[in-house]
Number of protein chains: 4
Amino acid sequence: MSNTAILLIHCPDQTGIISTVSEFLFFHNGNIIDIDQHVDIDNKRFFMRAEWEIDGFNIPPENIYTIFMNTIGNRFQMTCQVQFTTKKPRMALFVSKMQHASLDILSRWYSGEWDVEIPLIISNHPDSRPIAEKFGIDFYEFKITAENKAEQEQKEITLLKANNIDFVVLARYMQVISPSFINEFPNQIINIHHSFLPAFPGAKPYHSAFKRGVKIVGATAHYVTEDLDAGPIIAQDIAHITHRDSIDELVRKGRDIEKRVLSQAVWLQIRHRILPFDNRTIIF
Amino acid sequence: MSNTAILLIHCPDQTGIISTVSEFLFFHNGNIIDIDQHVDIDNKRFFMRAEWEIDGFNIPPENIYTIFMNTIGNRFQMTCQVQFTTKKPRMALFVSKMQHASLDILSRWYSGEWDVEIPLIISNHPDSRPIAEKFGIDFYEFKITAENKAEQEQKEITLLKANNIDFVVLARYMQVISPSFINEFPNQIINIHHSFLPAFPGAKPYHSAFKRGVKIVGATAHYVTEDLDAGPIIAQDIAHITHRDSIDELVRKGRDIEKRVLSQAVWLQIRHRILPFDNRTIIF
Amino acid sequence: MSNTAILLIHCPDQTGIISTVSEFLFFHNGNIIDIDQHVDIDNKRFFMRAEWEIDGFNIPPENIYTIFMNTIGNRFQMTCQVQFTTKKPRMALFVSKMQHASLDILSRWYSGEWDVEIPLIISNHPDSRPIAEKFGIDFYEFKITAENKAEQEQKEITLLKANNIDFVVLARYMQVISPSFINEFPNQIINIHHSFLPAFPGAKPYHSAFKRGVKIVGATAHYVTEDLDAGPIIAQDIAHITHRDSIDELVRKGRDIEKRVLSQAVWLQIRHRILPFDNRTIIF
Amino acid sequence: MSNTAILLIHCPDQTGIISTVSEFLFFHNGNIIDIDQHVDIDNKRFFMRAEWEIDGFNIPPENIYTIFMNTIGNRFQMTCQVQFTTKKPRMALFVSKMQHASLDILSRWYSGEWDVEIPLIISNHPDSRPIAEKFGIDFYEFKITAENKAEQEQKEITLLKANNIDFVVLARYMQVISPSFINEFPNQIINIHHSFLPAFPGAKPYHSAFKRGVKIVGATAHYVTEDLDAGPIIAQDIAHITHRDSIDELVRKGRDIEKRVLSQAVWLQIRHRILPFDNRTIIF
């Protein structure tokens, strides 16, 4: 992994942005290794991701954001993030009883596929504690009831903040997250929905898919918003099925897709390749 | 193409059906070249497709249905069809203005991919007449208005019956078919819907898909029933898309899937491989 | 999981086999829940898989094979296996340094996706010992050199036999298995090759794929035979790639496919759905 | 379709190219609607495609190439093309006996999917003459024998030049093109190979695939080079197959993939999205 900085920008579209930004990086001796841009014509919105080598760049990392905003960002009304590949993002994993998705994530982390830190696992059930222990990760159980939900979520938020968590992954976590929680982590909570949204939102999508007689099942990774199962979609994939597939088989095949789609979304998140805007995502 | 007979059966499930049917074919000197069965456990329903060589079979083709029903079918309360690969099915093609789907079907027919006859094309617009003429197929224009719909459909039915049409393909035909028409051709009208149903039913699904920011577009071939866009699904497929794809690009990619899915459904229909039951399809 | 017996047969093709076999199961009060057959026309070979409920079947499980062979199998020159879903197959896992494939297999086993027992892991490196310990599985290290290979493999065979191993999975095990080893486990050793065979056999297929500029990478699960990378193929899948994908990215995407394809092959093996013949596989 | 200009560049990589090029377009009042770049790190080669609106751009179209090369291109040792979306590319179609691929191309052209002109079809057989006539396209038959090949190809080249042909599509054209022909149209002849190259090069790949027992068949669109079936790959795709698929079925499924992959390559060619280099392609 090279030592690079990543700039993620969006702003009202106008002529000359790419030129101005790449000129800025060039002027400060930045060797650009990847640049990608997109214009949302309907919204007249410009999006850009640039990645360049830190070595030789003549602005200290801690000053890049401020200097960029002062010289360029503010002028173009940019919303801007600066990220560094040397800084491993910190992920919190939320699970319930089903363990296929969380085991897949932990396996990818453990085998070194991802540059990520997973300081803690949070669950509303005790079932996943042995897995957390296997992988040496702190496990916190927060039982959720209608009565204690607000209080428990507040404790979770405090714990996440104390651990400097950058983003949350709901790996088949079977509790609805409250708006107040979501607002603390806007576009930082990734959920895997076991359906090709917007078909079959809600619970039991495999049963609905079976009943409707579809020939395809899918899964959707999306950011969590207040509108249930309707947040910005990050990744989707499908598997073909036939009349021979029982609901159990749909579930088995579906779990493979869930793992694949969720891990794709997490990888994009870790690599700072997602820019959400207007309930859609730009994936660089 | 070999000279074979095809038996399509469904009936209440019970022990011994496969044995009884294959014994019957064996007894009458039928060389089975393909047999496939399925049990719908929820509905306790048995489904079977058997294909065997006509040569050497000691029941004349025209008597197979009656003899089979008398000796076996009635005893097991079977619904049964007997088809012959030597008898080319007769298809009627319904089109509106868009021609990509109908051109694909005509190309497949013309290049000999399918053992099918296409005696006529019906449209509510004159635009496809030149295509029909290119391929030497009779073209009939039935303009449809709210006032004349019942009358025009009646003429269409008469025309289809006079031409011994076995099944109808709606190749992006933009008129809703009335129940009285559908009832004349139950599970014999195939439609292509330009979406992965049940997501985005109705008109303009590509616009809806774009707005929702999905990462996949799809198409669905299904039998037409009175419940719009909700009939038994025959085939589905998808294409991956990104934020870079404009609505025009979704349409372009979608048309490829429409053609692929529709042609797959037509091929299954021609080969007598579809058994619809309880709003789902068994695809042998 | 229901309590069923599975019959896997192949024999020279002739009329009446399906009828005779299903008659036998029917006569002995077997409730068939799945039957599937295939005829290899070139080789005039018949293949069949039947699954039926043990409850009510009036032949004791331990006698089924003998009685079936005496009454039917020998007459039709059948090669035949009888398997029971109550008997969990026993798998041995072979690994080297890379752990993504073995972690995926252990995760699927641990989360209860598969009805399989994994009594031991064998490796030519110590690296995977911590993983084996995490999952509570015995770990054996057999360092392999040109000099000790025959001797070490003999020890491995002895260990596998002592543990009643039914099949071996090479999860990116980087040693060639000797013919003498293979002969002890014919069509019982599953390998994952990190390429779409027969393209790019041998080592470093991702480098070869990159250099050739292909737009797809794949993986192949196959039975190990004496002819390296040329045994019967069980499952294959691919991922689309672009010019943007570095070799590292090919490796990352490829590993996902390796895991998916290998797990599909293992699942088919566990469910007794594979019949290899003439260097090809029938997958029921 | 908007009125745009497209710049395709490659040159030795160095810092500041993107900045310099976008500055140039900005300075001349070009509204960039798409920009994409790629660096081949192994070859230290920079690739770029920029598309901008002609309206308002203050260099006349006919001068853009010269002015760009004089001010920027020569300095960076660029190889450069300038294309205009208002100028429809002119395609020549080469066919033999099989018509599925050429019918698909003609259908896409006829239905307005592509902004392309097809002034002529060339064949070594008379079979496709009726199709050419249906679509009103000039048809030329050049019978090829070992003796007359050089002479006939020379006539074909003359005909193509006289018709200002921009690129040639071999739609299952069953003759090897000679190096002298290829040199007249470098990276301008697109072939569809009915296999997932590099597996199964040469003739009869479906037979080879069947014999090897693969679970996937594919197709490859590539530029024709002197090295048979080894030119730069433009697009590839696959279909899953099973033991049930006869060679005839492989052919049927394969033809669908051939059509899909070839039409994708042609679309990329028409939209000036392909940059071949070092026997690989950059697809923007």
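Just above, that's the structure.
All of these numbers come straight from a predicted model, not from anything done at the bench. (Residues numbered from 1 in each chain as written. Chains lettered and ligands numbered in written order. Predicted model: local features only at pLDDT ≥ 70, side-chain atom pairs only at ≥ 80, totals over all residues. Heavy atoms only, no water.)

**Focus on the environment of B:Ala199**
How we decide: Secondary structure is summarised from DSSP: a helix means a run of H or I of at least four residues, a strand means a run of E of at least two, and numbering begins at the N terminus for each. Working rule for contacts: check all heavy atoms of both residues, and any pair within 4.5 Å makes them a contact.
As for its position among the elements, B:Ala199 is in the loop between β9 (189–193) and α7 (205–212). Taking C-alpha positions, B:Ala199 is 8.7 Å from B:Ala209, a pair spaced 10 residues apart along the chain. With residues up to four places along the chain from it excluded, the contact list for B:Ala199 reads A:Pro198 and A:Ala199.

**Some words on the state of the cysteines**
Definition in use: Two cysteine sulfurs form a disulfide in these notes if their separation is within 2.5 Å.
The full count for this structure, using the stated rule, is 0 disulfides over all chains. Free of any disulfide, A:Cys11 has its nearest cysteine sulfur in A:Cys80, 9.9 Å distant.

**Focus: the sheet that holds strand β7 (residues 138–141) of chain C**
Residues and elements named next belong to chain C. Applied cut-off: Pairing between two strands is assigned when DSSP locates at least 2 bridges connecting them. Axes here refer to lines fitted to C-alpha atoms; in helices the fit is confined to the stretch in contact. Angles between the N-to-C directions go from 0 to 180 degrees.
Across the sheet, 7 strands lie side by side as β7-β6-β5-β8-β9-β10-β11; this open sheet has mixed pairing. The sheet is open, and its two edges are formed by β7 and β11 (233–240), each paired on a single side. Averaged over all pairs of adjacent strands, the angle between strand axes in this sheet comes to 20 degrees, irrespective of strand direction. Bridging between strand β10 (residues 216–223) and β11 involves 7 bridges; their strand directions are antiparallel. What sits directly across from Ala221, in β11, is Ala235. Sheet contacts for helix α8 (residues 247–270): β5 (90–95), β8 (167–170), β9 (189–193), β10 and β11; angle to β11, the most-contacted strand, approximately 150 degrees.

**Let's talk about the interface of chain D and chain A**
Interface size is commonly expressed as the accessible surface area that is lost when the partners come together. Operational definition: Defined in terms of a 1.4 Å probe, buried area is the accessible area two parts forfeit on being brought together, summed over both. A side-chain nitrogen of Lys or Arg and a carboxyl oxygen of Asp or Glu constitute a salt bridge if their distance falls within 4 Å. N or O atoms within 3.5 Å of each other form a polar contact, as long as, within protein, one can give a hydrogen and the other can take it, and as long as residues adjacent in sequence are counted only when both atoms are side-chain atoms. Residues are grouped as follows: Ala, Val, Leu, Ile, Met, Phe, Trp, Tyr, Cys and Pro are nonpolar; Asp, Glu, Lys and Arg are charged; all remaining types, including Gly, are polar.
Taken together, the contact between chain D and chain A spans 13 residues of the former and 13 residues of the latter. Buried surface at the junction of chain D and chain A, summed over both partners, amounts to about 1,200 Å²; 55% is from carbon and sulfur atoms. Three residues, D:Thr15, D:Ser19 and D:Phe26, lead the burial of chain D against chain A; their summed loss comes to 35% of the area buried on that side. Along the contact surface separating chain D from chain A lie 0 salt bridges. Here chain D and chain A share 4 residue pairs in polar contact (both at pLDDT 80 or more) between them. When residues of the side of chain D that touches chain A are traced back to their parent elements, those giving at least two are α1 (17–27) and β2 (31–40) of chain D. In terms of residue class, the side of chain D that touches chain A is made up of 3 nonpolar, 7 polar and 3 charged.

**Overview of the interface of chain C and chain D**
Between chain C and chain D, the contact holds 33 residues from the first and 33 residues from the second. A buried area of about 3,000 Å², summed over both sides, lies between chain C and chain D, and 55% of it is on carbon and sulfur atoms. Broken down residue by residue, the surface that chain C buries against chain D is led by C:Arg212, C:His243 and C:Arg280, which jointly contribute 25%. Linking chain C with chain D are 2 salt bridges, by the criterion used here.

**Concerning the sheet that holds β9(B)**
All names here are of chain B. A sheet is described by the order of its strands in space; here 7 strands give the open sequence β7-β6-β5-β8-β9-β10-β11, paired in mixed fashion. With partners counted over all chains shown, the strands left at the sheet margins are β7 (138–141) and β11 (233–240), one partner each. On average, adjacent strands in this sheet sit at an angle of 20 degrees to one another, irrespective of strand direction. In this sheet, β7 lies alongside strand β6 (residues 117–123) in parallel orientation, the contact comprising 4 bridges. When the bridges of β7 are listed, Ser123 appears paired with Glu141.

Read these as layout, nothing more, since geometry by itself doesn't imply function.
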